[in-house]
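One letter stands for each residue in the lines below.
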Amino acid sequence: MTALTCATLLSNHPQAWQSATVHPFLQNCQQGTITPDQFNTWLVQDYLFVTEFTRLAAQLLAAAPVSHFDTLLSGMAALKDELLWFQAKATERSLSLSAALQPTCQAYCEFMQSQATQPYAVQATTFWAIELAYNQGWQTHSPMPEPYTEFADRWGNPGFTDYVRLLEQQANAALATADTTEQKQAEQSFLKVAQLEKDFWQMAFLAE
Ligand code: HMH
């Protein structure tokens, strides 16, 4: 049996992945035509997403072999910085971060919570896919004009690309010893991430 890899997931589902990473929301950011309501909706909901994503990172760390700690701990350190950065961006824009979760963000958060009971190989694949979606989504729509430049740079910068490659290697290592059931679960989770990413852009794009 050939082990499933992250590269195989991407090559088997090009359409799903394209929809996750190319969207009018990002295109309009790049053109400078996104409206403040659309952008601010994304900003607040993504902050709420990242708070739950931080818990996903903690779950992943708890399930990981010690040899994977270094990469995951660097990710945790980056999340500490990212949460503070979101708070600063919200303050600049006079946005409240205690907003209600929109249904799409809620669904994404519930999906992340459901990962706690999944085997490590599935969790590692999910975590990689979520980070890759933002790395590729922002990078392929770069550079962005002000005031969006720093947003595109945050997830599109080369250091973040390197981090996502390390996550891919760790997911591949875990998938190499996963049984068929776990590999199927990893593929389902990958497709779920692709769908939720697309929905998340759409949620912000449709904001009043
Ligand atoms: C919706 N997906 C979404 N938000 C993010 N911040 C990331 C991925 C990357 O962490």
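This text follows the structure it describes.
Presented here is an overview of the structure given in this document.

Definitions and limits used
Residues numbered from 1 in each chain as written. Predicted model: local features only at pLDDT ≥ 70, side-chain atom pairs only at ≥ 80, totals over all residues. Heavy atoms only, no water. Near = heavy atom within 4 Å. Polar contact = N/O pair within 3.5 Å; in protein donor to acceptor, adjacent residues only side chain to side chain. Areas by Shrake-Rupley, 256 points an atom, 1.4 Å probe, with all protein chains shown as cover. Helix = DSSP H or I, 4+ residues; strand = E, 2+ residues; numbered from the N terminus. Expected span 1.5 Å × (residues − 1). Buried < 20%, exposed > 50% of the residue type's maximum accessible area, 1.4 Å probe, protein only. Phe/Tyr/Trp six-rings, centres within 6.5 Å; stacked < 30°, edge-to-face > 60°. Lys NZ or Arg CZ within 6 Å of the ring centre and 35° of its normal.

In the region of the ligand, the neighbouring residues are Asp 46, Phe 49, Val 50, Phe 53, Ile 130, Glu 131, Tyr 134, Trp 155, Glu 197 and Phe 200. Contact between the ligand and Tyr 134: a nitrogen atom at 3.3 Å from a side-chain N or O atom of the residue. Burial of the ligand by the protein chains amounts to 99% of its free accessible area of 290 Å². For the shell around the ligand, the secondary-structure elements that each account for two or more residues are α4 (36-63), α7 (120-140) and α10 (180-205).

On to helix α9 (residues 158-176), then. Given a rise of 1.5 Å per residue, 19 residues ought to cover 27 Å, and the 27 Å separating the end C-alpha atoms of α9 matches this to within 8%. Every buried residue belonging to α9 is among Phe 160, Thr 161, Tyr 163, Val 164, Leu 167, Gln 170, Ala 171, Ala 174 and Leu 175, and all of these are buried. One side-chain oxygen of the residue at the start of α9 lies 2.9 Å from the amide nitrogen of Gly 159, identifying that residue as Asn 157.

Between two aromatic rings, the relevant description is the distance of the centres plus the angle of the planes. Per the counting criterion, the structure on display carries 28 aromatic pairs. Centroid distance Phe 86 to Trp 155: 6.2 Å. Interplanar angle 45°. Geometry classified as tilted. Placement of Phe 86 in helix α5 (residues 69-92) and of Trp 155 in helix α8 (residues 149-156) is noted, with a sequence separation of 69 residues between them. Trp 155 carries the same exposure label as Phe 86, and that label is buried. Positioned over the ring face of Trp 85 is Arg 154, at 4.2 Å from the centre of the ring.

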